[in-house]
Amino acid sequence: MAILVYADHNNQELSSATLNAVTAAGQMGGDVTVLVVGEGCDAVAQAAAKVQGVAKVLLAQDASLKDQLAENVAPLIAKLAEGYSHVVAPATTTGKNIMPRAAALLDTQQVSDIIAVESADTFIRPIYAGNALATVQSSDAIKLITVRTTTFAPAEAEGGSASVENVDGTGDAGLSTFEGAALSENERPELTTARVVISGGRGMQSGDNFKMLEEVADILGAAVGASRAAVDAGYVPNDYQVGQTGKVVAPELYIAVGISGAIQHLAGMKDSKVIACINKDEEAPIFQIADFGLVADLFQAVPELKGELEKQGIQAR
Amino acid sequence: MKVLVPVKRVIDYNVKVRVKADQSGVDLANVKMSMNPFDEIAVEEAVRLKEAGTATEVVAISMGPEQSQETLRTALAMGADRAIHVVHDGELEPLMVAKMLAKIVGEESPDLVVLGKQAIDDDANQTGQLLAGLLGWGQGTFISKLKIEGGAISVTREVDGGLEKIGLKLPAILTVDLRLNEPRYASLPNIMKARKKEIAKKSPADLGVDTTPRLKTLKVAEPPKRQGGKKVGSIAELVDKLHNEAGVI
Ligand SMILES: Cc1cc2nc3c(=O)[nH]c(=O)nc-3n(C[C@H](O)[C@H](O)[C@H](O)COP(=O)(O)OP(=O)(O)OC[C@H]3O[C@@H](n4cnc5c(N)ncnc54)[C@H](O)[C@@H]3O)c2cc1C
Ligand SMILES: Cc1cc2nc3c(=O)[nH]c(=O)nc-3n(C[C@H](O)[C@H](O)[C@H](O)COP(=O)(O)OP(=O)(O)OC[C@H]3O[C@@H](n4cnc5c(N)ncnc54)[C@H](O)[C@@H]3O)c2cc1C
């Protein structure tokens, strides 16, 4: 058996999600090859070659692959897949976009967003917003799988010494063009890998009020997230959304502020190690899953939290 | 321009599902079912395209049991012109759904198929991309904005890092995200009118699609339960617990 892992990257850096996918792939049994697709991404391939557990790196680069448009990448994955028992990608928006298209070309029923590998053909995946866990067995010859990154430890980024082999792309399908991106920029850790996440909901009342959370986040070295209601209201950008249909996070500490705890929100954070919440309504469902719940007005409690952290000299780890 | 909108009947998003004691699946008996929320957004977008004069006809499609008709009636009441129901009891994997949709696309020749980005029951997030792959069409997934001009469309996609814009040639596949629009509620007169609209029935066999599952569900289990519910009385106590008891800050 041999496993192909589709690398998630931005042509400059290999994303940590790829490291989680390499771990999952290793558990399926077999040699792990990482496929890096893009343009001007030699550094990414070099980084992938150093990841422990990676036997080989395939590098496909040309202009049509630069933006990883699904129409141009899926045929390449389908072509290369013939030599592998599994093709694995992290369940990032890139993986979610490209992999099913490759699955169609291979006539394979993909298994989405797995949280555990039971054996080479059997996987566990959450369904119904994580309220049930299905164990599914695939009968496809080539198995296509996307991996929920938060449930697999990252592979060691250093220590490996895989060879890098160039492969050709399959050309521009001529169906789509990349017109641009507006990526959120901030200095804080990435939401999906942060050790601490502090999220705000509709209770925050405005985007400006999120500054209070940012100040606490900066003390703790935390990422800032949000509920759908806060994103829909325009307080923060879409990439802050935690939940069933946003990002899934599992930090050491998740602090929910002014968030009620709807099923769809819980789906994205209930695997956090410790959950704390601040909400003025003691009946809010978030309290049922919180390890430490504080019934309080957030406009008083959050500044107080900042003050207390400063007083205690608590800093980011 | 003709637009197809596949709509799925799923457990209502407000319902907390229960896993069956024998671990064969979740208990769907007597549970409120609704249209997949993402599909409401897809229908809304298609109907708006029609109201704007861009689309000429909106056709809703559903695969599922007899009761999926109710979901189609909802789509018709929102403004779809007619509907196609592929009647099927039992499991349907996204690949099978996509294959059936591809056959219907062959019969209907639409310019656009607008789907939800994911169904909130199985959360597969595959069907639109599969369909695009099967047809060899361009795909705009997880979109929060849509612009159609002449033969070309431009979409804004919600991605992990923020937003991304891509251009697509028609015909194309779109899958919609939450912030594309706010779906309307069907008015009573429109619900009455929808009763008279046509729902054509088909079977997977009519479409020549083999529905033998590729995946076998071995068991469906309850996730581990969290022991939450503890309260603290003050911020000082909260910080103390997080620092000294849990050791996470
Ligand atoms: C298809 C679908 C997908 C969805 N996906 C997601 C998703 O991925 N992520 C997600 O989060 N949601 C998602 N939702 C939405 C979800 O159902 C809820 O509507 C949403 O999570 C509510 O956000 P909220 O908790 O911020 O707002 P609310 O439910 O309005 O809660 C606000 C809370 O703030 C508290 N509050 C208000 N003022 C204060 C104050 N001054 N001090 C302290 N507390 C205060 C209130 O007591 C209340 O509990 C989805 C819904 C659907 C239908
Ligand atoms: C444990 C388990 C039990 C299951 N039990 C059943 C069952 O009892 N009955 C059953 O029918 N299926 C069952 N299924 C199959 C499953 O519910 C979905 O129908 C199938 O996997 C499609 O996945 P999805 O809806 O998440 O696709 P997604 O790719 O997430 O759906 C995206 C979009 O595709 C379109 N779409 C998807 N399905 C349909 C459809 N049927 N009709 C029209 N448009 C559609 C919608 O626009 C939707 O928004 C089961 C699956 C599992 C894993």
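For the structure itself, consult the block above.
Residues numbered from 1 in each chain as written. Chains lettered and ligands numbered in written order. Predicted model: local features only at pLDDT ≥ 70, side-chain atom pairs only at ≥ 80, totals over all residues. Heavy atoms only, no water.

## Comments concerning the overall build of chain A
Step number 1: Looking only at helices and strands, chain A features nine helices and 16 strands.
Step number 2: On C-alpha atoms alone, chain A measures out to a radius of gyration of 21 Å, which is about the 20 Å that the 2.2 N^0.38 rule sets for 317 residues.
Step number 3: Projected onto its principal axes, the C-alpha coordinates of chain A cover approximately 60 × 40 × 40 Å.
Step number 4: For chain A, the proportion of its 317 residues judged to be buried stands at 60%.
Step number 5: Taking the intrachain contacts of chain A between residues at least 6 apart in sequence as the baseline, contacts between residues at least 24 apart amount to 66%.
Step number 6: For chain A, the exposed area adds up to about 11,700 Å²; of that, 45% sits on carbon and sulfur atoms.
Step number 7: Of the charged side chains in chain A, 21 are positive and 39 negative, and the gap between their average positions amounts to 3 Å. (Helix = DSSP H or I, 4+ residues; strand = E, 2+ residues; numbered from the N terminus. Rg over C-alpha atoms; globule rule 2.2 N^0.38 Å. Buried < 20%, exposed > 50% of the residue type's maximum accessible area, 1.4 Å probe, protein only. Contact = heavy atoms within 4.5 Å. Areas by Shrake-Rupley, 256 points an atom, 1.4 Å probe, with all protein chains shown as cover. Lys, Arg positive; Asp, Glu negative; His and termini not counted. Charge placed at Lys NZ, Arg CZ, Asp CG, Glu CD.)

## Here we look at unusual backbone geometry
Step number 1: Between Leu170(B) and Pro171(B) the backbone carries a cis peptide bond, its omega angle lying at -5 degrees.
Step number 2: Even without being a glycine, Gln68(A) presents a positive backbone phi close to 50 degrees.
Step number 3: Relative accessible area serves as the criterion here: at 9%, Gln68(A) is assigned to the buried category.
Step number 4: Phi is positive for Asn30(B), which is not a glycine, with a value near 60 degrees.

## Section: the pairing of strand 10 (residues 172-176) of chain B
Residues and elements named next belong to chain B.
Step number 1: Of all five residues in strand 10, five are buried, a share of seventy percent or more.
Step number 2: Across the two faces of strand 10 the burial is the same, with Ala172, Leu174 and Val176 and Ile173 and Thr175 all buried.
Step number 3: Sheet analysis places strand 7 (residues 138-149) next to strand 10, joined by four bridges and oriented parallel. Within the sheet, the bridge partner assigned to Gly140 lies in strand 10 and is Leu174. (Pairing = 2+ DSSP bridges.)

## Focus on the interface of chain B and chain A
Step number 1: Facing the 81 residues of chain B at the interface are 87 residues of chain A.
Step number 2: Both faces considered, chain B and chain A share a buried interface measuring about 7,000 Å² in area, 54% of it formed by carbon and sulfur atoms.
Step number 3: If you look at where chain B meets chain A, you find six salt bridges.
Step number 4: Across the salt bridge formed by Asp107(A) and Lys99(B), the nearest N and O atoms sit 2.7 Å from each other.
Step number 5: The interface formed by chain B and chain A holds 52 residue pairs in polar contact (both at pLDDT 80 or more) in total.
Step number 6: Residue assignment for the side of chain B that touches chain A shows that the elements contributing at least two residues are helix 3 (94-108), helix 4 (127-135), strand 7, strand 8 (152-159), strand 9 (162-169), strand 12 (215-221), strand 13 (231-232) and helix 6 (235-245) of chain B.
Step number 7: Across the side of chain B that touches chain A, the residue classes break down as 37 nonpolar, 22 polar and 22 charged.
Step number 8: For strand 8 (residues 132-138) of chain A and strand 12 of chain B, the ladder comprises six bridges, and the chain directions are antiparallel. Bridging from a neighbouring strand, Ser138(A) pairs with Leu215(B) of strand 12 of chain B. (Buried area = accessible area lost by both parts, 1.4 Å probe. Salt bridge = Lys/Arg side-chain N within 4 Å of Asp/Glu carboxyl O. Polar contact = N/O pair within 3.5 Å; in protein donor to acceptor, adjacent residues only side chain to side chain. Nonpolar A, V, L, I, M, F, W, Y, C, P; charged D, E, K, R; others polar.)

## Things to note about helix 4 (residues 93-106) of chain A
All names here are of chain A.
Step number 1: Compared with an ideal rise of 1.5 Å per residue, which puts 14 residues at 20 Å, helix 4 spans 21 Å between its outermost C-alpha atoms and is within 8% of the ideal.
Step number 2: Counting buried positions over the 14 residues of helix 4 gives 11, a clear majority of the element.
Step number 3: Taken as a whole, helix 4 has its buried residues at Thr93, Gly95, Asn97, Ile98, Met99, Pro100, Arg101, Ala102, Ala103, Ala104 and Leu106.
Step number 4: At the exit of helix 4 stands Asp107, carrying a positive phi of roughly 55 degrees. (Expected span 1.5 Å × (residues − 1).)

## Thoughts on the site of ligand 1
Step number 1: The local shell around ligand 1 holds 30 residues, among which Arg202(A), Ser227(A), Thr245(A), Ser260(A) and Asn279(A) are the closest.
Step number 2: Mapping the residues adjacent to ligand 1 onto the chains of the assembly identifies chains A and B.
Step number 3: Backbone polar atom of Arg228(A) to an oxygen atom of ligand 1: 2.9 Å apart, as the coordinates give it.
Step number 4: One of the backbone N or O atoms of Leu298(A) is found 2.8 Å from a nitrogen atom in ligand 1.
Step number 5: Protein chains bury 87% of the 980 Å² of accessible surface belonging to ligand 1 in isolation.
Step number 6: Counting residues per element, the ones that place at least two in the shell around ligand 1 are helix 6 (228-232), helix 7 (263-266) and helix 9 (298-311) of chain A together with helix 1 (37-51) of chain B.
Step number 7: For the shell around ligand 1, a count of residues per class yields 12 nonpolar, 13 polar and five charged. (Near = heavy atom within 4 Å.)

## With respect to the packing of aromatic side chains
Step number 1: Across all of its chains, the model carries one aromatic pair over all chains by this definition.
Step number 2: Between Phe210(A) and Tyr235(A), the ring centres sit 6.4 Å apart and the planes meet at 55 degrees, which makes this aromatic pair tilted. Placement of the pair is Phe210(A) in helix 5 (residues 210-220) and Tyr235(A) in the loop between helix 6 and strand 14 (253-257), with a sequence separation of 25 residues.
Step number 3: By relative accessible area, Phe210(A) is classed as buried at 1%.
Step number 4: Residue placement shows Lys117(B) over the ring face of Phe142(B); its charged tip is 5.9 Å from the ring centre.
Step number 5: The ring of Phe287(A) has Lys231(B) sitting right over it, with the charged end atom 4.8 Å from the ring centre. (Phe/Tyr/Trp six-rings, centres within 6.5 Å; stacked < 30°, edge-to-face > 60°. Lys NZ or Arg CZ within 6 Å of the ring centre and 35° of its normal.)

## Looking at the site of ligand 2
Step number 1: Around ligand 2 lies a shell of 28 residues, among which Lys8(B), Asp39(B), Met63(B), Asp122(B) and Thr127(B) are the nearest.
Step number 2: With respect to ligand 2, its neighbouring residues span chains A and B.
Step number 3: The contact in question runs from an oxygen atom of ligand 2 to an N or O atom on the backbone of Asn125(B), over 2.8 Å.
Step number 4: About the coverage of ligand 2: the protein hides 87% of its 930 Å² of free accessible area.
Step number 5: At the level of secondary structure, the elements contributing two or more residues to the shell around ligand 2 comprise strand 4 (57-64), helix 3, strand 6 (112-116) and strand 12 of chain B.
Step number 6: It is strand 4 of chain B that contributes the most residues to the shell around ligand 2, three residues altogether.
Step number 7: Split into classes, the residues belonging to the shell around ligand 2 amount to 12 nonpolar, nine polar and seven charged.

Keep in mind that these numbers describe shape and distance, not what the molecule does.
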